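So you can see what is in the structure, the chains are spelled out below.
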Amino acid sequence: MDFKDSPEQAEFRAEVQAWLKANAKPKTKDTVRGSQENRYKEAKAWYKKVFDAGYACIAWPKEYGGAGLSQIHKVIWSQEVEKYDEPDGYFVIGQGNCGPAMMHFATEQQKTELLPRMASAEDVWCQLFSEPSAGSDVAGLRTKAQLQGDKWIINGQKIWTSGAQHSDYGVILCRTDPDVSKYRGMTMFFIDMKQPGVDVQPITQMDGGSHFNEVFFNNAEIPDSQRLGDVGGGWGAALLVLMNERLAISGIQPDGFPELLKLVQSLDIDGEPARNNPLVRERLAHWYCQHAGLKASTNRMLTAVAKGGIPGAEAALGKLVGAVMNQDIANYVLQLLGDTGAISDESLAEQHAHFQNTVMFAPGIRLAGGTDEVMRNIIAEQVLGLPQEPRADKGIAFKDIPSGNQG
Ligand SMILES: Cc1cc2nc3c(=O)[nH]c(=O)nc-3n(C[C@H](O)[C@H](O)[C@H](O)COP(=O)(O)OP(=O)(O)OC[C@H]3O[C@@H](n4cnc5c(N)ncnc54)[C@H](O)[C@@H]3O)c2cc1C
């Protein structure tokens, strides 16, 4: 398989490179990220700039705010923008997950009104799937939507909702029929996050930030016109969102190798360049092989998608290997740095405390978008053809599934 640019792709790459050179911030030694609020503001400003230049949501149709190009063009953009210090993946949940759901299920009027605002980050979107007792098994969710006239009344709780505190809208999966099996009784909607009855409570993480939130719904209302898909068709709609999530994160999920390589080129150990140390070289070789393998399997998946295929189980492989590698590299670097590894001040620490921050956030990346074990199940069942896990709740009405939480 050849992953070289076609002449048309090479031309697009050159155009992107020229635009980024003129408009994006280079990576420098002095960049300090600042507070979460600053990063959010910077991200909004960056997305607007990208939108105005016509590079937002590259694979979306032009009439919805995109560039009308292919997934490969999107990858070329990601490969080039990652060389700069810009927050390009910041609103990936909205654009990568919620956008395709809206594109598939919303009315034409909703699409032309809302999608360009999502593409320019004028509106921020979040994904409201996980609940306290429904994460890996999201089909076990209990947030209720009950029809009253032409609107749905929402009651329940979501958790781990990334970016909900900044969001204008969310795509939400609710239980609409407890009398049928769990997969058949769910419906998907989009919801106005600023309305009465929606209470967002940020969760403070060990690094001091609040990436995600608890979201409580107390008689919040959703007009039936904001239903995405059929009543009871929520599982199929959710699978579409999750499939697009795999695609959206596959190009941007960090594995830590480029940062490690950069570090060892400037670091000394006991007065000798780290890059000459045989133990460091052995680790570098090991992670280089994984990094190259990940790149190749991501490219293979994206090539298949560009030809009309769907993201397959390669995405699970990439997620599993990349997330573990990212965490292992950060832990290793903190050991290499010795005492200075304990400095987490971004203005003083190596690479602006990239590795220190990664040590604290990497465990979350191993859970988000499917845990290691869930990825292994996907690989076992879909790649290796092993028997399916026993599913004790198959064919039973949701309300009859034994549970300690009957709320
Ligand atoms: C940083 C971050 C951002 C997130 N953002 C969002 C978001 O924006 N929107 C959203 O809806 N959710 C979000 N999530 C939630 C995420 O999808 C869930 O954390 C994830 O699906 C796991 O669910 P859980 O946390 O409930 O763990 P559980 O599902 O309760 O899992 C607990 C443990 O059991 C294991 N386990 C579970 N089932 C199996 C099985 N069948 N076989 C083997 N082992 C199993 C898991 O691997 C894990 O180790 C986010 C999570 C994180 C960490």
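Residues numbered from 1 in each chain as written. Predicted model: local features only at pLDDT ≥ 70, side-chain atom pairs only at ≥ 80, totals over all residues. Heavy atoms only, no water.

Chemist: How would you summarise the site of the ligand if you had to cite specific residues and measurements?
Modeler: With respect to spatial proximity, 19 residues lie near the ligand, and among them S130, S136, W160, T371 and E373 are the closest. At a separation of 2.6 Å, an oxygen atom of the ligand approaches a polar side-chain atom of S136. Within the side chain of E389, an N or O atom sits 3.0 Å from a nitrogen atom of the ligand. About the coverage of the ligand: the protein hides 70% of its 980 Å² of free accessible area. Only α10 (354-367) and α11 (372-383) provide two or more residues apiece to the shell around the ligand. Ranked by residue count, the leading element in the shell around the ligand is α10, at three residues. When grouped by side-chain class, the residues that make up the shell around the ligand number seven nonpolar, ten polar and two charged. Counting contributing residues, the shell around the ligand receives three or more from each of domain 2 (125-237) and domain 3 (253-383). (Near = heavy atom within 4 Å. Polar contact = N/O pair within 3.5 Å; in protein donor to acceptor, adjacent residues only side chain to side chain. Areas by Shrake-Rupley, 256 points an atom, 1.4 Å probe, with all protein chains shown as cover. Helix = DSSP H or I, 4+ residues; strand = E, 2+ residues; numbered from the N terminus. Nonpolar A, V, L, I, M, F, W, Y, C, P; charged D, E, K, R; others polar. Domains from an automatic or database assignment.)

Chemist: Can you break down the environment of L240 residue by residue, with the values?
Modeler: As for its placement among the helices and strands, L240 is situated in helix α6 (residues 234-250). Expressed as a C-alpha distance, the spacing of L240 and R184, which sit 56 residues apart in the sequence, is 15 Å. Each residue touching L240, except ones within four places of it in the same chain, is listed here: P100, A101, H104 and F105. (Contact = heavy atoms within 4.5 Å.)

Chemist: Quick rundown of the side chain of Q95? Include the residues and the values.
Modeler: Locating Q95 in the fold gives a position in helix α4 (residues 92-105). Given a relative accessible area of 13%, Q95 falls into the buried group. A polar contact is formed between the side chain of Q95 and the backbone oxygen of A119, at a distance of 3.0 Å. With sequence-adjacent residues up to four places away left out, Q95 is seen in contact with Y47, C57, W60, P100, M118 and A119. (Buried < 20%, exposed > 50% of the residue type's maximum accessible area, 1.4 Å probe, protein only.)

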